[in-house]
Amino acid sequence: MRRWMLLLVWWLAAPAAAQQILIPMDAYQTDHLKAYGVAYWALTQGVDVDWLLNYRGGAFLLQDFPGLQAELRIRGVAFEAIDDATAARILAEVEAEDRNTAVVRLEKAPRIAVYAPPYAQPWDDAVMLALNYAEVPYDRIYDDEVLSGELEKYDWLHLHHEDFTGQFGKFIQYRHMPWYVEQQRQDEATARKHGFRKVSQLKLAVAQAIREYVRRGGFLFAMCSGTDTFDIALAAHNTDIVPAEYDGDPVDPDALQKLDYSQTLAFTNFTPVFNPYEYEHSDIDVGPPPPQLRDPALDYFTLHEFSAKWDPVPTMLTQNHVATIKGFIGQTTAFRKSLIKPEVVILAEAPGRDEVKYLYGPFGQGFFTFYAGHDPEDYQHFVGDPPTDLSLHKNSPGYRLILNNILFPAARKQKRKT
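### Overview of the overall build of the protein
Okay, step 1: Along its length, the protein carries 13 helices and 15 strands.
Okay, step 2: Here the C-alpha atoms of the protein give a radius of gyration of 24 Å, agreeing with the 22 Å that 2.2 N^0.38 yields for 418 residues.
Okay, step 3: Seen through its principal axes, the protein has C-alpha atoms that stretch 100 × 45 × 40 Å.
Okay, step 4: Within the span of the protein, comprising 418 residues, buried residues form 55% of the whole.
Okay, step 5: Once local pairs closer than 6 in sequence are excluded, the contacts in the protein between residues at least 24 apart make up 75%.
Okay, step 6: On the protein, roughly 18,400 Å² of surface is accessible, and the fraction owed to carbon and sulfur atoms is 54%.
Okay, step 7: With 40 positive and 56 negative side-chain charges, the protein shows a spacing of 6 Å between the two charge centroids.

### Side note on the pairing of strand β9 (residues 219-223)
Okay, step 1: Of all 5 residues in β9, 5 are buried, a share of seventy percent or more.
Okay, step 2: The alternating pattern of β9 places Phe-219, Phe-221 and Met-223 on one face and Leu-220 and Ala-222 on the opposite face, and all of these are buried.
Okay, step 3: Where β9 and strand β15 (residues 366-371) come together, 5 bridges link them in parallel fashion. Counted as the bridge partner of Phe-219 is Phe-367 from β15.

### A few points about the pairing of strand β5 (residues 102-106)
Okay, step 1: For β5, the buried fraction is high: 4 of the 5 residues fall into the buried class.
Okay, step 2: Where strand β2 (residues 49-53) and β5 come together, 5 bridges link them in antiparallel fashion. Looking across to β5, one finds that Leu-53 is bridged to Ala-102.

### What about the nonpolar core?
Okay, step 1: With 67 residues, the main nonpolar core has Ile-23 and Leu-407 as its most contacted residues.
Okay, step 2: Ranked by the residues each element gives to this core, the list is headed by helix α2 (residues 32-44), at 9 residues.
Okay, step 3: Non-local contacts of Ile-23, meaning those with residues more than four positions away in its chain, are made with Gln-29, Ala-35, Val-38, Ala-59, Phe-60, Leu-62, Leu-72, Val-77, Ala-78 and Phe-79.
Okay, step 4: By size, the runner-up hydrophobic cluster in this structure holds 52 residues, among which are Phe-171, Ile-172, Leu-259 and Leu-265.

### Observations concerning the packing of aromatic side chains
A ring pair, where both rings are aromatic, is described by two values, the distance of the centres and the angle of the planes.
Okay, step 1: Applying the stated criterion to the full structure yields 18 aromatic pairs.
Okay, step 2: Between Phe-368 and Phe-370, the aromatic rings sit 5.3 Å apart at their centres with planes inclined by 50 degrees, giving tilted as the arrangement. Like Phe-370, Phe-368 is buried.
Okay, step 3: A network of ring pairs unites the aromatic residues Trp-156, Phe-221, Phe-328, Tyr-358 and Tyr-371 as a single cluster.
Okay, step 4: Above the face of the Tyr-133 ring, Lys-34 is positioned so that its terminal group lies 4.2 Å from the ring centre.
Okay, step 5: Between the NZ or CZ atom of Lys-357 and the centre of the ring of Phe-328, over which it lies, the distance is 4.1 Å.

### Things to note about the pattern of salt bridges
Okay, step 1: Taken as a whole and judged by the stated rule, the model has 24 salt bridges.
Okay, step 2: Across the pair Asp-50 and Arg-105 runs a salt bridge, and its minimum N-O distance is 2.4 Å. Separated by 55 residues along the polypeptide, Asp-50 in strand β2 and Arg-105 in strand β5 bring together distant segments of the chain.
Okay, step 3: Residue classification places Asp-50 among the buried residues on the basis of a relative accessible area of 9%.
Okay, step 4: Under the relative-accessibility criterion, Arg-105 is labelled partly exposed at 27%.

### Comments concerning helix α7 (residues 178-193)
Okay, step 1: Between its terminal C-alpha atoms α7 stretches 22 Å, which fits the 22 Å expected from 16 residues at 1.5 Å a residue.
Okay, step 2: Looking only at α7, the buried set comprises Tyr-180, Gln-183, Asp-187, Thr-190 and Ala-191. Buried residues of α7, viewed axially, fall in a sector of 100 degrees; they line one side. Opposite the buried face of α7, at more than 90 degrees from it, the exposed residues are Pro-178, Arg-192 and Lys-193.

### Considerations on the sheet that holds β5
Okay, step 1: The strand order β4-β1-β3-β2-β5 describes an open sheet built from 5 strands, whose pairing is antiparallel. The open sheet has two edge strands with one neighbour each: β4 (80-83) and β5. Pairs of neighbouring strands in the sheet enclose a mean axial angle of 30 degrees, with direction left out of account.
Okay, step 2: In this sheet, strand β3 (residues 59-63) lies alongside strand β1 (residues 19-23) in antiparallel orientation, the contact comprising 4 bridges. Across the sheet, the residue bridging to Gln-20 is Gln-63, located in β3.

### Observations regarding the environment of Asn-100
Okay, step 1: Mapping Asn-100 onto the fold places it in the loop between α4 (84-95) and β5.
Okay, step 2: Owing to a relative accessible area of 27%, Asn-100 belongs among the partly exposed residues under this scheme.
Okay, step 3: Each C-alpha atom, one on Asn-100 and one on Phe-219, is 26 Å from the other, the two residues being 119 residues apart in sequence.
Okay, step 4: Only 2.7 Å separates the side chain of Asn-100 from the backbone nitrogen of Ala-308, close enough to count as a polar contact.

### Observations regarding unusual backbone geometry
Okay, step 1: Backbone geometry at Glu-135 places phi at a positive 65 degrees, although glycine is not the residue there.
Okay, step 2: Secondary-structure assignment places Glu-135 in the loop between α5 (126-134) and β7 (139-141).
Okay, step 3: Judged by its relative accessible area of 40%, Glu-135 falls in the partly exposed class.
Okay, step 4: Unusually for a residue other than glycine, Asn-269 sits at a positive phi of about 60 degrees.
Okay, step 5: You can see Asn-269 is positioned in the loop between α11 (255-258) and β10 (300-303).

### Focus: the confidence of the model for the protein
In low-pLDDT segments, the atomic positions of the prediction should not be examined closely.
Okay, step 1: Of the residues in the protein, 91% reach a pLDDT of 70 or more, and the chain-wide mean stands at 90.
Okay, step 2: Predicted confidence for residues 1-16 stays below pLDDT 50, and this span has 0 contacts to residues more than four positions away or in other chains.
Okay, step 3: Predicted confidence for residues 414-418 stays below pLDDT 50, and this span has 9 contacts to residues more than four positions away or in other chains.

How each quantity is defined
- Residues numbered from 1 in each chain as written.
- Predicted model: local features only at pLDDT ≥ 70, side-chain atom pairs only at ≥ 80, totals over all residues.
- Heavy atoms only, no water.
- Helix = DSSP H or I, 4+ residues; strand = E, 2+ residues; numbered from the N terminus.
- Rg over C-alpha atoms; globule rule 2.2 N^0.38 Å.
- Buried < 20%, exposed > 50% of the residue type's maximum accessible area, 1.4 Å probe, protein only.
- Contact = heavy atoms within 4.5 Å.
- Areas by Shrake-Rupley, 256 points an atom, 1.4 Å probe, with all protein chains shown as cover.
- Lys, Arg positive; Asp, Glu negative; His and termini not counted.
- Charge placed at Lys NZ, Arg CZ, Asp CG, Glu CD.
- Pairing = 2+ DSSP bridges.
- Core = buried A, V, L, I, M, F, W, Y, C linked by side-chain atoms within 4.5 Å.
- Phe/Tyr/Trp six-rings, centres within 6.5 Å; stacked < 30°, edge-to-face > 60°.
- Lys NZ or Arg CZ within 6 Å of the ring centre and 35° of its normal.
- Salt bridge = Lys/Arg side-chain N within 4 Å of Asp/Glu carboxyl O.
- Expected span 1.5 Å × (residues − 1).
- Arc of directions from axis to C-beta.
- Axes fitted to C-alpha atoms, helices over the stretch in contact; angles between N-to-C directions.
- Polar contact = N/O pair within 3.5 Å; in protein donor to acceptor, adjacent residues only side chain to side chain.
- pLDDT = per-residue confidence, 0-100.

Okay, structure coming up:
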């Protein structure tokens, strides 16, 4: 009896087998979007996260710690508690030379900023929707903060439905609507505050500050018109491409000859659209299909596959549980492939068409990622449409591409092998 009691005391006092937590990101995951939020939250707790590229949809592996399993259950994220020996076997499998898999260590939660005007509603920005649903904290900043140098506080910056050319989104058909009038009033007041005569000059200064932020090591992610208008504004730094209907003076007659593509990040040799009534900024955007052909069941794009060990950056940015993703349109629906700079990496495109949906490239010490379209779960978003409820799209592969980007800056810096 005494010996049995001693054994019981020893068993109770002995440390439990060390546990690690595997968060699968394949079809077994119940909420892919909130899984990213848990990985981010763990980083804020000082816990490193191993991102297992191309293993079970881009699974996360981390040491268990008090409160982690409870947090996973509260957020509805599927997970597996495994011992150290099992974790070691998984890591050995992922790191095997004959597999297109790799381990990337995430070490620090990136500081996130969303460039959005104060009058913008969070539900009209897919990234704010994703961050809010995944419970990832971020700050909203706009022109004042960018021009005052506050970008240096952040590791990751997002641009969404923004018009850096100073044409107010080319929404001239809405020019009498209260929201348009207020947007124009605020933008013009901000331009005057900073000593600019026109909104286009203000937005150019902001775009140039963001370009410098990337060059110095920042991470830029843009969607919809925040992608092409950014490069258009940079290329037009020595000329005026804005019609009189928006700024009171005409387009420079030599504007096309004065465009400077050396200043852009992703696009080259494009032509701006000078018609103020055409809802398009340039030929970078291939535009949505004609109304009779807008069929969500037929519109899709495919992710490219990369070498996880040799090209970890594009591999991180394309982690998903499917390779084919349904399309969605926006003011900028897809990028014309022939106008993309040769050094830019194409991450996803529509098969058989000159349409790129997703791309990235290094610039200076930083990186940029452009993702075309407005809302991955709202095929054709209109002004005034209700917000997308992401609780109905917990496993959205289109939204996963957004959230891959928020973890990308957390990765331990690695030298490229190519």
